[in-house]
Amino acid sequence: MARVALEDLTKRYAGGNLAVDKLNLDVADGEFVCLVGPSGCGKTTALRMIAGLEDITSGWVRIGDKVVNLLPPRDRDIALVFQSYALYPHMSVFDNMGFGLQLRKTPKAQIDKAVRNAARILDLEAFLDRKPGQLSGGQRQRVALGRAIVREPAAFLMDEPLSNLDAKLRVQTRAEIARLHQRLEATMIYVTHDQVEAMTMADRIAVINDGVLQQVGTPKELYEQPRNHFVAGFIGSPSMNFVDLAVQLGNTSRLAGDGVEVRLDDTQAALLRDRGLETVTVGFRPEHLEIGKPEGPGLRVSASIDVVEFLGNDELIHAVSGGRDLVAVVEAGGSLQVGDSIFLSASPRHVYLFEPDHGLSLASR
Amino acid sequence: MTSALRTQGLAQQVARQRWRILRRLRPSRLVLNGIIGLIALFWMLPTISLAIISFRPAGLFNISGWWTVLTAPTQLTLKNYQDLLFSTPHSVIPTGFAAGSILDSLVTTAAITIPATVLVTAISSLAAYSLVFGRWRGRTVVFLGIVALLVVPLQVAIIPVAQLYASFKSLTGITVFGTLPGVVIFHVAFGLPFGIFLMRNFYTGIPKDLLEAGRIDGAGEWTLFRRVVIPLGLPAAASLAIFQFIWVWNDLLVGLVFLGGNAHHTLTLFLYGQTRTLAADYWVISAGAMISVIVPLAIFFAFQRYFVRGVLAGAVK
Amino acid sequence: MVKTKGASRLPRPDASEPAEAVRLPGGRWHRHLGSLAFIAPGAIWLLAIVGYPLLETIRDSFYNSDSTRFVGVANFKTIFSTADILVTFRNNVIWVIVFPFFVTFLGLVFAVLTERIRWATAFKAIIFMPIAFSATTSGLVWNSIMNIDPHVGMVNATLETVSDWFSPPGLYPVNTSAGQTVAALAATGLRSGPGGTLESTATVAAGQTAKLGLVGISPTALQMIGAAQAVVAPPAPGRVSGLVWRDFSPSHPTDRGTVFSDEDGVAGLSVTLLGGDGSSAGSTVTDSHGDFTFTGVGSGTYRIQLDSSNFSSGFTGIYWLSGTQSLTPTSGLSQTAQALFSIPLVDLSMIIAYLWIWAGFAMVIIGAGLASLNREVLEAARIDGATEWQTFRRVTMPMLAPVLVVVLVTMIINVLKVFDIIVNMAPSTSQANTLAVAMYDYGFASSPSNNGLASAIALILFVLVMPVIYINLKRIR
């Protein structure tokens, strides 16, 4: 097990396309870090550079206390679980899992022990003699995991390993990987575009967009203190609502727009006063909205209901306010009808303010 | 009662309709099968004729057609083969495994075909691996060069290569022209473009992830090639090998040129030589031709699927 | 390699880093070298045995016969002014125009037909099988199939059967196409008559006998017909009688005119009694002793005629492998023009044999093309109301066109280089030679060989395939 550190890691393709731009990330020994971002953001490229499958343009990758920039993958002591699983179709499950050890000239008995151990953990014992083609998607996925486990690598790298599974299996396997992490206490770097996966499994999450690291933090930190507009919008489901409002500073400082009003508390007003902004982007999460029109500071919206989606415990409300689409999650059981006019509100601590031009959170200074 | 009657009437109606459809279909289907059957028969006739001629007494060749066997099956005899394979008073050419005999030609042909096939398959696989999974620059250019060579007629090379062999001899004292290796070297060269083309097309279908998984598992290029790519590429390699085998086995021109002067002949050279002797003995030719087609025919029928795949890979892609 | 420089330009992360970390083995250029080595055997082989020789051939084609003196385009001038080589051009043109078209057509027909039968696999194997034979073997097989003798060649045997149905041969056929004549049969008391008949030199009258001797009659034929010893028929009043016999005695080989005991009568011969004005006064057939009798003969003198039907040769076989019989009229043309514009029968015969070899190839490729067509599009056409033929013509064919082009192109290349079938199927004529044969002849079979000329022909072959190289490259890109 080892620490993995990326220092100013950069990848520029031959065409000049900058895929990863000065990525700095320190993954502690035994930590589970998710690289998350929209597709094409460079997260997979970063992972492949750690694995040694992609040449590094500049910057450094350390695994343990060794710089591995020029090491071929086999000398980096890492395992990679591929999105496609990349199982050798002509080898049995046993051979697939044992191939790496075999190449390292590990004694047969030891390989056997390691493979059987991994198979037991992953519940694959019954399939060891089968070929990958005879397995279901979920089983193949577990073989891919098993191949990584058997090697006992310094770090596990996983490239969207769940994206080829159906929704139900994905939830199951997610839990399995989380359990595996606890059990092995291994360093894991996990790439996904699905923020739910990241939120549920990771110790820390690194959000990447356009090759640039946006924010690193625990799921809770990212959720509660997004550093910028992008992270705020990317983390959380459904996504945060954003509206641009005009700043009106005075006795009662407020932000106002068509159908939306924010009465600022003192700290927020002070922040805005400092910046001297004329407009500001206001974000608020759908799950923080409540129906009603309280007094005091906070956000209030008057809107008319466009669509109501029943989710069981909750209802997802798509509402229109001043030409803007907003989403709110409220407790089910109300008698909300399409076309109804409603008031929605949120408390000041659930209102996020971002600079309108580069999207930085005001709270993060 | 009435409904039962109606059902009965309906059943009759359906039966009648079915009969009408059948009647319309049957004759045309029969005619079609008949025509296709005739074509098939026609296509087999040359082969059948060769086989029967080889089993008829030599003296009858100019007197009556092979088809008279149909009314006089007692004509059939193994004598031609005996005279061809074993030394008998009727043997006109070397027999047994003596140089110039049919069995010697069979061995010679195999001694050329097997190495030429193995080499082309191996070298093509290696080259295709490099073209598909290597990361050096200029792979596309090299591949296009190979595509360009696909249809180059071998005529453009025979004279210079013959000279090349000659100068190789004067440099090193090693004779290549007129030897089996000389023939093999030339066959391999002209088998490679197609071989590399076919293998490359197949290898591009192997997911790159597999190779990367192998690299992470600790495999070097050679291990990846041997343990991952070769097993996966086996169907293509089989197609290539069978295609190449039949091609080389049946070649005449390369043997004619590069085996010139050698006492050992390929099967095609053996037959070609027979047609050019003054008394062209068709019994020798027919029995010899039968022996010459046994091996490629057996391979063709055993591996027809792979052979077809090789043909398709070369032509459609 | 240039790329490694990038690695050394990397900033050092911190001073405590061990220096060797940046120069660890197994860097990327190493990896590239590994896979680069894999192409080396193939590349070297191709460069040495295909690439370099190609350049050498280009050079040689502008040099003299032993490649020692530059001669400019002299070799090409020779090629285009030597009748024998021009003939090979003509043959290549015939092959390229005729063969690819027909083989594609046959392949298409077979591919479509096989889609409708249950035993398609067996049928395909039968049609495809000749490709496993060497063209040498196929050439030899077809050489016998196309043999001129109807007793040997299957094609001529079939034609003979048909022909005999309409005009059966006589009992004593004379093969006029092989230079034999009926007149040569006359030995004793006979002369050549009109229209391939023989007639008696002397006239006869009632009560007389005639002795008519023939030579060149096959004893085997007589034996098969059941002829017996020749006996001179006795004369009788009111009758004209006579004997027709094989006037050749093994015991007296030089004696003509005497009837020996070891001579047989010519049995079954149609004989006509001709009146003075040449009109028929009766006809009969000789018996097993060769005797014939006309009864009730009136006064006057007569001649005896042996009818032409006795000697009719019937069908004697078409010379399929002839290099001189042309399918196009060549009369009234200069000799060069005749050579250039005739289509020798042998070309057609060889193309038929070659079709037999390659139709399976075309069928398999086109069949695969058919199988890969989108069935739903064809079904849509049906739904739109197209008949089977309309579907084929308007939907299937256009969708199949690329495959047909591939077959055509492959076959054009194939026949440009056609060699084996020519030298094995038609070894007796040079009229069938193609460029590839000429190239071999000048380069290796003639003494002394002419490298310059042979190289020039090879170069022409190469230039002819260059459009296909271009097409291939475009398709791959």
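Residues numbered from 1 in each chain as written. Chains lettered and ligands numbered in written order. Predicted model: local features only at pLDDT ≥ 70, side-chain atom pairs only at ≥ 80, totals over all residues.

S.K.: Report on the overall build of chain A, specifying residues and quantitative values.
M.R.: Scanning chain A from N- to C-terminus turns up nine helices and 20 strands. When its C-alpha atoms are laid out on the principal axes, chain A stretches across 80 × 45 × 35 Å. Relative to all contacts within chain A whose residues are 6 or more apart in sequence, the contacts with residues 24 or more apart total 65%. (Helix = DSSP H or I, 4+ residues; strand = E, 2+ residues; numbered from the N terminus. Contact = placed C-beta atoms within 7 Å.)

S.K.: Quick one: what's the story with the overall build of chain B, residue by residue and with numbers?
M.R.: A tally of helices and strands in chain B yields twelve helices and zero strands. Going residue by residue from the N terminus, the α and β elements of chain B occur as α-α-α-α-α-α-α-α-α-α-α-α. Taken over C-alpha atoms, the radius of gyration comes to 28 Å for chain B, far larger than the 20 Å a tight globule of 317 residues would show. If you line up chain B on its principal axes, its C-alpha atoms span 105 × 70 × 35 Å. (Rg over C-alpha atoms; globule rule 2.2 N^0.38 Å.)

S.K.: If you had to explain the sheet that holds strand β9 (residues 204–209) of chain A to someone new, which residues and values would you point to?
M.R.: Residues and elements named next belong to chain A. Judged by pairing direction, the sheet is mixed, and its six strands sit side by side in the order β6-β7-β8-β3-β9-β10 without closing on themselves. The outermost strands of the open sheet, each flanked by one partner alone, are β6 (78–81) and β10 (212–217). Between one strand axis and the next, the sheet turns by 15° as a mean value, whatever way the strands run. (Pairing = 2+ DSSP bridges. Axes fitted to C-alpha atoms, helices over the stretch in contact; angles between N-to-C directions.)

S.K.: Could you give me a rundown of the packing of helix α2 (residues 93–103) of chain A against helix α3 (residues 108–122) of chain A, with the residues and numbers involved?
M.R.: Residue and element names in this part refer to chain A. Relative orientation of the contacting elements α2 and α3 amounts to 135°, with a least axis distance of 9 Å. The angle between α2 and α3 places the two elements in the oblique class. In this structure, α2 meets α3 at a crossing whose hand is right-handed. Between α2, through F94, M97, G98, L101 and Q102, and α3, the contact on the second element is made entirely by I111, A114, V115 and A118. Here the residues of the contact of α2 with α3 sort into seven nonpolar, two polar and no charged. (Parallel < 35°, antiparallel > 145°, perpendicular 65-115°, else oblique. Left-handed = near helix turned anticlockwise from the far one by under 90°. Nonpolar A, V, L, I, M, F, W, Y, C, P; charged D, E, K, R; others polar.)

S.K.: Tell me what's going on with the domain arrangement of chain B, and back it up with residues and numbers.
M.R.: Residues and elements named next belong to chain B. In terms of domain boundaries, chain B breaks down into domain 1 (2–82) and domain 2 (91–316). The C-alpha-based centres of domain 1 and domain 2 are spaced at 39 Å. On the side of domain 2, seven residues touch domain 1, which itself brings eight residues to the contact. Secondary structure elements with two or more residues in the side of domain 1 that touches domain 2: α1 (2–54) and α2 (79–85). Per element, the largest residue contribution to the side of domain 1 that touches domain 2 is four residues, and it comes from α1. Classifying every residue of the side of domain 1 that touches domain 2 gives six nonpolar, two polar and no charged. (Domains from an automatic or database assignment.)

S.K.: Lay out the interface of chain B and chain C with the relevant residues and their values.
M.R.: On the side of chain C, 75 residues touch chain B, which itself brings 77 residues to the contact. Broken down by element, the residue count for the side of chain B that touches chain C peaks at eleven residues, all from α1(B). In terms of residue class, the side of chain B that touches chain C is made up of 58 nonpolar, 16 polar and three charged.

S.K.: Can you tell me about the domain arrangement of chain A, naming the residues and giving the values?
M.R.: In terms of domains, chain A is made up of domain 1 (4–226) and domain 2 (238–354). Here the C-alpha centre of domain 2 of chain A lies 39 Å away from the C-alpha centre of domain 1 of chain A.

S.K.: Hey, could you go over unusual backbone geometry for me, with residue numbers and the actual values?
M.R.: All names here are of chain A. In this structure, P238 follows S237 across a cis peptide bond, with omega equal to -5°. On the secondary structure map, P238 appears in the loop between α8 (229–234) and β11 (241–248). Although it is not a glycine, A86 adopts a positive phi angle of roughly 50°. Among the secondary structure elements, A86 is positioned in the loop between β6 and α2. Its 24 C-beta neighbours within 10 Å are what place A86 among the buried residues. (Buried ≥ 20, exposed ≤ 12 C-beta atoms within 10 Å, placed from the backbone.)

S.K.: Tell me about the sheet that holds strand β3 (residues 198–200) of chain C, residues and numbers included.
M.R.: Within a sheet, neighbouring strands are paired by backbone hydrogen bonds and run either parallel or antiparallel to one another. All names here are of chain C. Taken in spatial order, the five strands line up as β2-β3-β9-β6-β7 in an open sheet, and their pairing is antiparallel. Two strands bound the open sheet, and with one partner strand each, they are β2 (190–192) and β7 (280–285). Mean inter-strand twist for the sheet, computed between neighbouring axes without regard to direction, equals 30°. Across four bridges, strand β6 (residues 270–274) lies against strand β9 (residues 303–306) in antiparallel orientation. Bridge assignment links L273 to a residue of β9, and that residue is I304.

S.K.: I'd love a proper account of the environment of C:A436, names of residues and values included.
M.R.: Looking at the secondary structure, you find C:A436 in helix α14 (residues 435–445). Distance in space between the C-alpha atoms of C:A436 and C:A458 is 7.6 Å, their sequence separation being 22 residues. Beyond its immediate chain neighbours, meaning those up to four positions away, C:A436 contacts B:Q155, C:K417, C:V418 and C:F419.

S.K.: Break down the nonpolar core for me, with residues and values.
M.R.: Of all hydrophobic cores here, the largest spans 286 residues; its most connected members are A:L157, A:I189 and C:I457. With 16 residues, the single largest contributor to this core is helix α6 (residues 180–203) of chain B. The contact partners of A:I189, leaving out residues within four places of it in the chain, are A:V4, A:V27, A:V33, A:L35, A:L47, A:I50, A:A155 and A:L157. Core analysis: the second largest hydrophobic core is formed by 34 residues, C:I217, C:L274, C:F292 and C:L306 among them. (Core = buried A, V, L, I, M, F, W, Y, C linked by C-beta atoms within 7 Å.)

S.K.: Break down the confidence of the model for chain B for me, with residues and values.
M.R.: Residue and element names in this part refer to chain B. Taken as a whole, chain B shows an average pLDDT of 87; of its residues, 92% reach a score of 70 or greater. Least confident of the elements in chain B is α1, whose mean pLDDT is 78; most confident is helix α3 (residues 102–133), at 96. The ipTM for the predicted assembly is 0.87, set against a pTM of 0.81. (pLDDT = per-residue confidence, 0-100.)

S.K.: Residues and numbers for the packing of helix α8 (residues 221–249) of chain B against helix α11 (residues 282–302) of chain B, please.
M.R.: Residues and elements named next belong to chain B. Packing of α8 against α11 brings their axes to within 10 Å, and their N-to-C directions diverge by 160°. When the interaxial angle is binned, α8 and α11 end up roughly antiparallel. Read as a crossing pair, α8 and α11 show a hand that is left-handed. Side by side, α8 and α11 meet where I242, F245, I246 and W249 of the first sit next to V295, P296, I299 and F300 of the second. Its residues assigned to classes, the contact of α8 with α11 comprises eight nonpolar, no polar and no charged.

S.K.: So, the environment of C:V182: which residues are in play, and what are the values?
M.R.: Summarising the element assignment, C:V182 is placed in the loop between α7 (154–166) and β1 (186–188). The contacts of C:V182, once residues within four sequence positions are left out, are C:V174, C:S192, C:G196, C:L198 and C:F311.

S.K.: With reference to specific residues and values, describe the pairing of strand β19 (residues 341–346) of chain A.
M.R.: Residue and element names in this part refer to chain A. Both strand β15 (residues 290–291) and β19 contribute to a ladder of two bridges, which runs antiparallel. Directly across from E290, in β19, lies its bridge partner S345. Note that strand β16 (residues 298–310) and β19 share six bridges and pair antiparallel. Bridging from a neighbouring strand, V301 pairs with L344 of β19.

S.K.: Lay out the pairing of β7(C) with the relevant residues and their values.
M.R.: Residues and elements named next belong to chain C. Relative to β7, β6 runs antiparallel, the two sharing four bridges. By the bridge assignment, V271 is partnered in β7 with T284. A loop of five residues connects β6 with β7, the two strands running antiparallel in sequence, and G278 in this loop sits at a positive phi of about 85°.

S.K.: Mind laying out the environment of C:I383, listing which residues take part and the relevant values?
M.R.: If you trace the backbone, C:I383 turns up in helix α11 (residues 375–383). Distance from C:I383 to C:G257, taken between C-alpha atoms, is 88 Å for residues 126 residues apart in sequence.

S.K.: Can you break down helix α1 (residues 43–51) of chain A residue by residue, with the values?
M.R.: Residues and elements named next belong to chain A. Of all nine residues in α1, nine are buried; the element is thus mostly enclosed. All of the buried residues along α1 are K43, T44, T45, A46, L47, R48, M49, I50 and A51. A positive backbone phi angle near 95° is found at G52, which sits one or two residues after α1.

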